[in-house]
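# Notes for the structure review
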Amino acid sequence: MSRIPFKIGQPKKQIVPKTVERDFEREYGKLQQLEEQTKRLQKDMRKSTDADLAMSKSAVKISLDLLSNPLCEQDQDFLNMVTALDTAMKRMDAFNQEKVNQIQKTVIEPLKKFGSVFPSLNMAVKRREQALQDYRRLQAKVEKYEEKEKTGPVLAKLHQAREELRPVRDDFEAKNKQLLDEMPRFYNSRLDYFQPSFESLIRAQVVYYSEMHKIFGDLTQQLDQPGCPDEQRERENEARLSELRALSIVADD
Amino acid sequence: MTSHGDDALSSRTGAPGGDDRLSEDRSLLQQRLAVRELLDTEVSYLHVLQLCASDIRSRLQQLPQGDLDVLFSNIDDIIKVNSRLLHDLQETASREEEQVQLIGNTFLEFQEELEQVYKVYCASYEQALLLVETYRKEPELQREIQGIIEAVLPQAGPSGLSFLLVIPLQRITKYPLLLQKILENTLPDASAYAVLQRATSALQDVVTNINEYKRRKEVASKYTKVEPLSLRERLARINTHTLSKKTTRLSQLLKQEAGLVPRTEDKEFDDLEEKFHWVSLCVTELKSNVAAYLDNLEAFLRFRPQDYNLEIPGGPVVQYCYLARDLQLQAFPEFKQQLEAQVWQPLCSLAKALAGPQNLIKKRLDKLLDFERVEEKLLEVGSMTYEEEAARHTYQALNSLLVAELPQFNQLAMRWLSQILCAFVTLQRDLAKQVLQRAEDSLAQLPHHHLSEPAFRKLVEDALGQTSHQLHAFQENFEKVLPPPTTQPLLPGAERQVQALLSRYGPGKLYQVTSNISGAGTLDLTLPRGHIVALLQNKDTKGNSSRWLVDTGGHRGYVPAGKLEVYHVVPTEEELRGQARPHKDSQHQTPEPTSAPVPSVPTVTQVVAVYPFVARSSHEVSLQAGQRVTVLEAHDKKGNPEWSLVEVNGQRGYVPSSFLARAPSPAPWGWSLPS
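Treat the numbers as computed from the prediction; the structure is a model and nothing was measured. (Residues numbered from 1 in each chain as written. Chains lettered and ligands numbered in written order. Predicted model: local features only at pLDDT ≥ 70, side-chain atom pairs only at ≥ 80, totals over all residues. Heavy atoms only, no water.)

Take the pairing of strand β8 (residues 643–648) of chain B next. Residues and elements named next belong to chain B. As judged from the three bridges shared by strand β7 (residues 628–633) and β8, these two strands associate in the antiparallel manner. Across the sheet, Val-631 pairs through a bridge with Val-646, a residue of β8. Here six bridges tie β8 to strand β9 (residues 651–656), and the two strands are oriented antiparallel to one another. Considered in β9, the bridge of Leu-645 is made with Tyr-654. Hairpin connection of β8 to β9: two residues between the antiparallel strands, including Asn-649 at a positive phi of 55°. (Pairing = 2+ DSSP bridges. Helix = DSSP H or I, 4+ residues; strand = E, 2+ residues; numbered from the N terminus.)

Printed below as a string of structure tokens:
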């Protein structure tokens, strides 16, 4: 922050006390971290919801393609199963969209709004820095004249330099104070700001998954297939495969 | 075999009465002998089988287990079936009169089992023979095997293993012949006759079926595999023979398309093929859709919003992070795993199984085209070559194979497909249950868990509205921190220049240079920071709006627009007085000139002494820094502008002009000090 590219007059006196500078850097540092984290969080949230939507859409495609297969016309049982599946998928997709909308409204939008304050903050800090540089420069100038032999012209210049310095110093002090006040307040505001969003996020999951549980639970009942444990499923699948392989027309590999 | 029958008939027609009796007795005797033969041979057959299966097989240690499985195939099953057959046959011996009938019945009972068990053995027989051949090529091994066999069954002779392995084949084909022998010696009107006849033809069917099964299996294994051939390999395979085959097929197909030649319509097969086609479509589509679903799931799991740290120590944010982490580490990976095992893998296996039938269908069509051409030729020429005959057989074999097994395939595939879909649904339900459990636990910890969903949504909306205002306030506050002031108090000599520019262009056109400009081109100006210029044009001749044409009061030229800032001229006392409305500077106090009565001489101006000055003569007057003075004349009697006539503290005198300056410009504008 205190990087001066060209050493155009460095004042001898430490015009900003080290503690003040340290405080400022600490507070600003925290905010910079927060900025980064909220930005990335927002991006990730958005990508996560996009992926969620994509997943739901591909689930709908499964049942849609099945429904359009001519087998449905021939086999009533198959048709019934596929129709029930399709209905379930479409309903789930609708609920998913609702969930995503809610997340968009209560999590992503607020994150964005929070993030939009940072450019103003960063600009303000830059301007403080500019003010500091000007302050330093003019302070150095004053010190330079103070050290010289006190002739008339020198005194005149010294006076002028002091006149120039005064408003600039006042300006810096004012900026510094304001930022040192505002920054911690802004930082702390995150505590109250984000809690509702995340509460909303959890609730949205509960709403969605309750529906999902109900819909697929009903469907499982309807399809009349007992839920079997994993090992039994595995055996079933192996049995089906052996049945097929027993046919001569199926190649052995 | 039939000679006996002839003898029986001739003797019957030859000698009436007692001769009948004699021939009857003879047939009866023959019959009994045949029955005896059946039973005896069955006993010895079974004995040999058992020796092979136990003694010989166990001693053939040097052969790998896989080989033994191929060689001996399902000999144990055969032994089981034949043991029971023998037992039942032996039981019939106790019931003399009905024995033949009972034998017939027994065979009818065992028909199915015999077919099932022997067809397996026969189908692998060819492969077994191949193995035997390879052993023969190794003299050492061959000798060992021979030694073992001779020790157990010396009657096997020099051909040892192959002699033994063919025995079951010989036996199953012998049954019809043995039964036939008994039949011939049975009276046609006996009750046993019909039964025995049925049994004989049944066993004949068994043999036929076994042969057919073997042929189908051979054809299927020849055509089901598609070898992944490289282009070069494909090209290498092309010879005149294959080329002619293919071109012939193609021309046949074209002839059909053109209607020149009737196509062999086989509605039954076409329907089957169509259904198979739909089943394949279903499987492949489902497989690719599930793959897409899994990809999306994977993508979804890649994002971890819970990993970002907002440094919020408690509350819903933390709850959410726990929940999300839990879901991502446990619930979802489990779901994905199960999906892969119970939906994806089976689909892959099912899809792979499609390849066999697909190839056979294709091959059948090829052979059909060959077959049709052969039929044509037959009509024209009246005969066909051996090759052509073989083509016809192959087509027929393929066709019957497919007609027999495609329906089964379709049915099995559909059944499996349904099971897979059910698995998919069940897994979704289970995932929902897992997530819901965890999410509800989190919900219970939240501050507003008791609220209904609509009430909560309203609450959140309100809360967000409020905080949005708060954020806006923050933003505004930050925006109030403005750029640092760039105006410098003007050097005294510049005063005039500014006045001149002001009077010529007006206050709105004045700009101050914010940092040193060094001009590059001939028309570009070089100006120090703080210099005042007037804007002539806010773009150059080429239309570039970042290069402005300005007037410095002496020179005109171009300067970069970014280094200029609007310059607000401090109004003179006159202007202040002249203005009807007050100056809207709500900021730092503008040093408003007091209403000290000053004679309204146009050239009189209020200035401030910048530097102290000590008068050295009575014409001069002393100054203190910061003192306000009134300028009466901005030059001396000789017109030298370096001296000005001023009045200060009631005294008049000359002072150096350069020691004077306008009143300092107001405090940095635009900055509002916090209240």
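Further remarks concern empty space enclosed by the protein. The tally for this structure, following the rule as stated, stands at six cavities of 30 Å³ or more. For the largest cavity, the calculated volume is near 320 Å³. Looking at the largest cavity, it is lined by 20 residues, and the ones nearest its centre are Ser-48 and Gln-205 of chain A together with Phe-300, Tyr-320 and Ala-324 of chain B. Elements with a contribution of two residues or more to the lining of the largest cavity: α1 (18–67), α3 (76–115) and α5 (152–223) of chain A together with α11 (267–302) and α12 (316–353) of chain B. At six residues, the largest contribution of residues to the lining of the largest cavity is made by α12 of chain B. Of the pockets and cavities examined, the second largest cavity occupies roughly 190 Å³. Broken down by secondary-structure element, the contributors of at least two residues to the lining of the second largest cavity are α1, α3 and α5 of chain A together with α14 (386–445) of chain B. Of the residues belonging to the lining of the second largest cavity, the class tally is 11 nonpolar, three polar and two charged. (1 Å grid on protein atoms, 1.4 Å probe; cavity = no way out; pocket = protein on both sides within 12 Å on 5 of 7 lines; lining within 4 Å. Points joined across faces, edges and corners; volume = space filled by probe spheres on them. Nonpolar A, V, L, I, M, F, W, Y, C, P; charged D, E, K, R; others polar.)

Here we come to a positive patch on the surface. All names here are of chain B. A contiguous patch of positive charge on the surface is contributed by Lys-222, Arg-234, Lys-245, Lys-246 and Lys-362. Looking at the secondary structure, you find Lys-362 in helix α13 (residues 355–381). For Lys-362, a relative accessible area of 54% gives the class exposed. (Patch = residues over 30% accessible without salt bridge, like charges linked within 9 Å, V, L, I, M, F, W, Y side chains within 5 Å. Areas by Shrake-Rupley, 256 points an atom, 1.4 Å probe, with all protein chains shown as cover. Salt bridge = Lys/Arg side-chain N within 4 Å of Asp/Glu carboxyl O. Lys, Arg positive; Asp, Glu negative; His and termini not counted. Charge placed at Lys NZ, Arg CZ, Asp CG, Glu CD. Buried < 20%, exposed > 50% of the residue type's maximum accessible area, 1.4 Å probe, protein only.)

Glancing now at the confidence of the model for chain B. Residues and elements named next belong to chain B. Overall, the predicted model of chain B reaches an average pLDDT of 80, with 85% of residues at or above 70. Scored below 50 in pLDDT, residues 1–15 shows 11 contacts in the model against residues more than four places distant or in partner chains. Between residues 571–604, whose pLDDT stays under 50, and residues either more than four places distant or in other chains, the model counts 19 contacts. Overall fold confidence for the complex sits at a pTM of 0.64, while the interface term, ipTM, reaches 0.88. (pLDDT = per-residue confidence, 0-100. Contact = heavy atoms within 4.5 Å.)

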